[in-house]
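A structural walkthrough
Spelled out from the first residue to the last, the chains are:
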Amino acid sequence: MGRRYVWLVSLLSVGSCGLIPCGADDLDVRFVPNDVTLAVGQTQTVRVELGSCHFHNKLDDQITWTSEDTAVATVDSPSGTITARGAGGTNVLAQAATYHNVGGVHVTVR
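Summary of the structure given here. (Residues numbered from 1 in each chain as written. Predicted model: local features only at pLDDT ≥ 70, side-chain atom pairs only at ≥ 80, totals over all residues. Heavy atoms only, no water.)

1. What to know about the packing of aromatic side chains
Applying the stated criterion to the full structure yields one aromatic pair. Ring centres 6.2 Å apart and planes at 70° place the aromatic pair F31 and W65 in the edge-to-face group. Remark: W65 occurs in strand β8 (residues 63-67) and F31 occurs in strand β3 (residues 28-32); sequence separation between them is 34 residues. This pair shows no difference in class: F31 is buried, exactly as W65 is. The lysine or arginine in question, R30, covers the ring of F55, its NZ or CZ lying 3.8 Å from the ring centre. (Phe/Tyr/Trp six-rings, centres within 6.5 Å; stacked < 30°, edge-to-face > 60°. Helix = DSSP H or I, 4+ residues; strand = E, 2+ residues; numbered from the N terminus. Buried < 20%, exposed > 50% of the residue type's maximum accessible area, 1.4 Å probe, protein only. Lys NZ or Arg CZ within 6 Å of the ring centre and 35° of its normal.)

If you want it as structure tokens, here you go:
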């Protein structure tokens, strides 16, 4: 009984992350920080973490950052350093070379 139990646990871990199956197309995305609030002139660097299987597997990719409203905030690409330009709100978006549009962070400038 003991050997069959160990074999079963090993089999589950090959194709899944614990008891939750992970497909080849599963992509986990995390932004650090996930929201940014700055005063005009301040800067903040953001980064994106990519993974699969609930971040059990880390993924690397080349990220290009863009700002939806450069009057509010600009972003240096590929460093992810945001510079606050004027009061308002905008989104800074991440584009991954392999995984494409992976989301972004909301930036509020006061």
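2. Some points on the nonpolar core
Buried together is how nonpolar side chains tend to be arranged in soluble globular proteins. Formed by 20 residues in total, the largest nonpolar core has its most connected members in W65, I82 and V107. Of all the secondary-structure elements, those providing two or more residues to this core are β4 (35-38), β6 (47-52), β8, β9 (73-76), β10 (81-84), β11 (88-96) and β12 (100-109). Broken down by element, the residue count for this core peaks at four residues, all from β12. Sequence-distant contacts of I82, defined by excluding residues within four places in its chain, comprise V36, L38, Q42, T43, Q44, V46, A73, T74, V75, V92, V105 and V107. (Core = buried A, V, L, I, M, F, W, Y, C linked by side-chain atoms within 4.5 Å. Contact = heavy atoms within 4.5 Å.)

3. Focus on the sheet that holds β3
Strand order in the open sheet formed by three strands is β3-β6-β7, and the pairing between neighbours is antiparallel. Lying at the two open borders of the sheet, with one neighbouring strand each, are β3 and β7 (57-59). Each neighbouring strand pair of the sheet contributes to a mean axis angle of 35°, computed without reference to strand direction. Bridge analysis of β3 against β6 gives five bridges, and the strand direction is antiparallel. The residue of β6 that forms the bridge with V32 is R47. (Pairing = 2+ DSSP bridges. Axes fitted to C-alpha atoms, helices over the stretch in contact; angles between N-to-C directions.)

4. Quick word on the pairing of β8
Only one face of β8 is buried: it carries I63, W65 and S67, and the other face, with T64 and T66, is open. With five bridges connecting them, β8 and β11 associate as antiparallel partners. Note that in β11 the partner of T64 across the bridge is Q95.

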